[in-house]
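Structural features, examined
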Amino acid sequence: NPPESPVLLTEPYRRLCGHTAKITSMAWSPHHSGRLVTASYDGTAQVWDVLEEAAISNYRGHTGYLLCVDWSPVDPDVIWTGGKDFTVQEWKVSEQEFTKPPKGKKMVLLQEKKVGSKQKKKSKTVSVSGGVVEQKINGEPVTEGRKVMTEQGLSAEDEEEEVRLTNSLGSPAAVEMQRKPTCAAKCKDKPDLLKKKKPRSMLPLSTSMDHRPKEELLQDCVTLASVRHSDAPPAGCVPGRGDYIHLGLFHDREALYRMFEAEEESHVEAGHYDSVVYLRLWSGDLQGALQLATERGELNDHLLSIAPMAGFEVWSRTVEAFVKQLSLQEQFLKAASHLLSINRLYEAVDLLRSNKLHREAIALVKARLPADEPLLKDLYTCWAAVLEKDGHLSAAAKCYLAAGCSFDAAKVIARKNDVPSLRTAADLARISREEVLAQSLALRCAKDLAAAHDWVGAQEVLNSQSPLLAHRLHLCVAELLAVTLVDSGVFSSASCVSGHSWAMLKSSNTIQDRIRDIWEEEFHVCLNSAGDWSIEALLQELKSVDTPARSGSIPPRQVLLYSSVHLTRSLLSWLLNDDGQLITELWQAVAWLRDAGHFSISAVFCRLLFPEGDVSVFSRKHSKTLQHSKAEAEASSLQAFVCYHRLYECWWRDSAVQTGTGSCSEDELNDEAQTAGTLELEERVCLTSGTSKELDFEPSVLLSEPHAACQATQKSVREIQERLSAMVLQHSQVQVGQLDSGNKQDGSLAQTTSLDQQEATEVEQCAVEETFLSLSSKMSKFQEELANIPNSIKMFPRPDVMECCLVLLHLSKFSSISDVVQQQAKHLLRKYGRSPPVLKAFQGFLTRSGFPAD
């Protein structure tokens, strides 16, 4: 039960003496009664028996002072300590060599002061407000407590000095202590403490013997005289040993060596190994001094400089040990330099490389070894791999170049995949004569520039690679096509970043004639070209260009590049007089624009290629007429799409004239193209009387019954697939709803409800299965019909025949369309117009137009 006022203790319960510096941590043993372990700034951990006030074991494995200590909760003999040397060490109490902390000169002086202070008065007074008052606590004067505090205050100042002196020369602990402010900064009001402290004595035992009382010092003189001049020295007097250790300094060499041995033992006990090293040096045991410093990890430049005195082998071993010590201290450059002093060049290089100092390792090899040294290339490649992993691609490329790996250098630079990097990588590969890689990188860079419509930059990149002439022709076609589309208003003017002068020139010729003239004037490509520049070689090179599957998600700029590839192939086929290949590539070019959903661009493109609307007439300037026999299906499909665009041009033009409105925007054109054949399209046309006009194309090519049958079957398949998907989704939702409702029911009511729901589900499932089976049978029927349709009709489709029939019937109000075409359109609508939108538009058209509803 604690008292109301705290108890002030003025007398120690037990006194444990031994540490020579401040204590930083302590821990009670969980296994023993009254056993304590302490950690101190003197660099040791001490185990005490508190009840007996006895020292049990002392651990000295750390370098520098200790910071924390703890007892193992499992093993009674194991303790863990952590110190300033950045280590946590595990040690056993029973295996330690020492039992007490190390003692130095300061500790001896403190003990002498302590003994002398016991002879003084124990009572002291405290001055309070100018008077002297005897302080009492618990009814007794505070004398011993004040004395203890005074002794502790005196010892605290000496502890810091003892730590500074006991730390070995060059050790991390000594360096750390030197960085700390001295005690003089704490005691500004005491100028006496600012005096320079004397260094630690190398011979502390003999020095302490010379500070004894006067009578004993006089007796030493008599003893020394007897030893030196008398044949019978005093009994038991051996200079340099025991109580006569200090006389070894004044007698012969053997006595001095005995004194050195005793002093060494004292220094080892106190942990002053640097003093032991110097004593061995003085006694001529250089090898022993170096061995001790090596074992303690306290070698320094001074010891290394005098190591050659012990011989080459000793010096070499000392350098190796010093290198290991420096490596542990992470002083790798200094360690490598010392390896060079014993001609260990390759080991020095390995040391630098293993510690990621590749730059220094390469510099060392280039400075000391021949230029053809294989190690140099290995260093460059290793460093390049590290730089490449860290993202320093330019530096990695320089390493690969220095190692003679130009291919790898170009590949590394190209990894960034931007235009400057690709251009630099292509130039690097070209200079290094990596032709294949240079062409590949230049082509990648040119494609990126062309996608951004930087035509001049793209041509400059390819100009340095003569085998890429075919790709230059392709970019020429793409540029001319892009500029023409900009002039037509279907491309924004900002889409063309930079272009050539020949692409800006206006001409009345068709685009294919303009391209052929530009090829001859700018690129010197004509029918007479030979070698790598021959038309056959250029076409073969361009055929190796792969284009992805046509999709509506590809950006317009990329679509333009892919379409221009096929247009370029078709023009090269024209020069080779290969009509079949020419028609096929033209169809592919138009199909790219059509499948990507760019209706307006496709219309302008067809008008540029075939201004007269006839795909047979390819060039008036060069008198080129296409022979359809080699690609009849492609030609028919191409002609249908050309007429399809002309059909809409007539419709919009006549609709604008009849309604008095201007031309439609691109978005409106696309919307109309997508919703053609519906009531919304029909309502755009105002039925007013006007002059009939002749169509500038043959509309019968749009009314192909085989294509109408194929399209109707495909639409039916899509509708059934949508219905089946909706049915499956609805069924799954019903099942989930039943599951949720079943979880909320309990007891007999839940069972009854679940039975009712089960019966309802079974009835509904029967109805669903009937519908599902009927739809599946219809799907099978339509799939069989699709399988019987010729591949030429499915591979080379035509515009929506139902849509064309509706538009032609609309145009018959103000254009001259033959009765045969109108009857054929109505026949196709009645036979294949299965979808509800087409049926609704057709019936409404017949009702408002006065046609018979049959």
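Residues numbered from 1 in each chain as written. Predicted model: local features only at pLDDT ≥ 70, side-chain atom pairs only at ≥ 80, totals over all residues. Heavy atoms only, no water.

Considering the nonpolar core
- Counting 138 residues, the largest nonpolar core has W519, F523 and L572 as its most contacted members.
- Per-element accounting of this core gives the leading share, 12 residues, to helix α21 (residues 469-488).
- Sequence-distant contacts of F523, that is, excluding residues within four places in its chain, are made with Q459, L469, R472, L473, C476, W502, I518 and W533.
- C650, W652, L808 and L811 belong to the second largest nonpolar core, which has 34 residues in total. (Core = buried A, V, L, I, M, F, W, Y, C linked by side-chain atoms within 4.5 Å. Buried < 20%, exposed > 50% of the residue type's maximum accessible area, 1.4 Å probe, protein only. Helix = DSSP H or I, 4+ residues; strand = E, 2+ residues; numbered from the N terminus. Contact = heavy atoms within 4.5 Å.)

Here's the deal with the pattern of salt bridges
- Summed over all chains, the structure comprises 21 salt bridges.
- A salt bridge links R280 to E264; its shortest N-O distance comes to 3.7 Å. Linking R280 in helix α8 (residues 273-282) with E264 in helix α7 (residues 253-270), this pair joins segments that are 16 residues apart in sequence.
- Overall, R280 belongs to the partly exposed group, its relative accessible area being 22%.
- Between R344 and E347 there is a salt bridge whose closest N-O contact spans 3.4 Å.
- One salt-bridge network, held together by shared partners, links R212, E216 and D220. (Salt bridge = Lys/Arg side-chain N within 4 Å of Asp/Glu carboxyl O.)

Looking at unusual backbone geometry
- Even without glycine at this site, K356 takes up a positive phi of about 65°.
- Along the chain, the position of K356 falls in the loop between α13 (345-354) and α14 (358-368).
- A positive phi angle is found at R433, which is not glycine, with a value near 65°.
- Tracing the backbone shows R433 in the loop between α18 (419-431) and α19 (435-451).

As for the confidence of the model for the protein chain
- The predicted model of the protein chain has a mean per-residue pLDDT of 79, with 78% of residues at 70 or higher.
- Scored below 50 in pLDDT, residues 121-190 makes 74 contacts in the model with residues more than four places away or belonging to other chains.
- Taken together, the stretch residues 660-691 has pLDDT below 50 and engages in 52 contacts with residues farther than four places along the chain or on a different chain. (pLDDT = per-residue confidence, 0-100.)

Section: the pairing of strand β4 (residues 54-59)
- As paired elements, strand β3 (residues 45-49) and β4 share 5 bridges and run antiparallel to each other. Residue D49 lies in a different strand from β4, and its bridge partner there is A54.
- In sequence, β3 turns back onto β4 through a hairpin of 4 residues, with E53 there showing a positive phi of about 55°. (Pairing = 2+ DSSP bridges.)

Remarks on the packing of aromatic side chains
- Tallied over the entire structure, the rule returns 13 aromatic pairs.
- Ring geometry for W587 against F796: centres 5.0 Å apart, planes inclined by 75°, an arrangement best described as edge-to-face. Taken together, the residues span a long stretch of sequence, with W587 in helix α26 (residues 579-595) and F796 in the loop between α33 (791-795) and α34 (801-811) at a distance of 209 residues. For the pair formed by W587 and F796, the shared burial category is buried.
- Across from the ring centre of W574, 4.8 Å away, lies the NZ or CZ of R516, which sits over that ring. (Phe/Tyr/Trp six-rings, centres within 6.5 Å; stacked < 30°, edge-to-face > 60°. Lys NZ or Arg CZ within 6 Å of the ring centre and 35° of its normal.)

Quick word on a nonpolar patch on the surface
- On the surface, V728, F772 and L773 cluster together into a nonpolar patch covering about 290 Å² of accessible area.
- Mapped onto the fold, L773 is located in helix α32 (residues 747-788). (Patch = residues over 30% accessible without salt bridge, like charges linked within 9 Å, V, L, I, M, F, W, Y side chains within 5 Å. Areas by Shrake-Rupley, 256 points an atom, 1.4 Å probe, with all protein chains shown as cover.)

Focus: a positive patch on the surface
- On the surface, a cluster of positive charge is made up of R723, K778, K781 and R834.
- Turning to its location among the elements, R834 is positioned in the loop between α35 (819-832) and α36 (836-849).
- The class of R834 is partly exposed, set by a relative accessible area of 39%. (Lys, Arg positive; Asp, Glu negative; His and termini not counted. Charge placed at Lys NZ, Arg CZ, Asp CG, Glu CD.)

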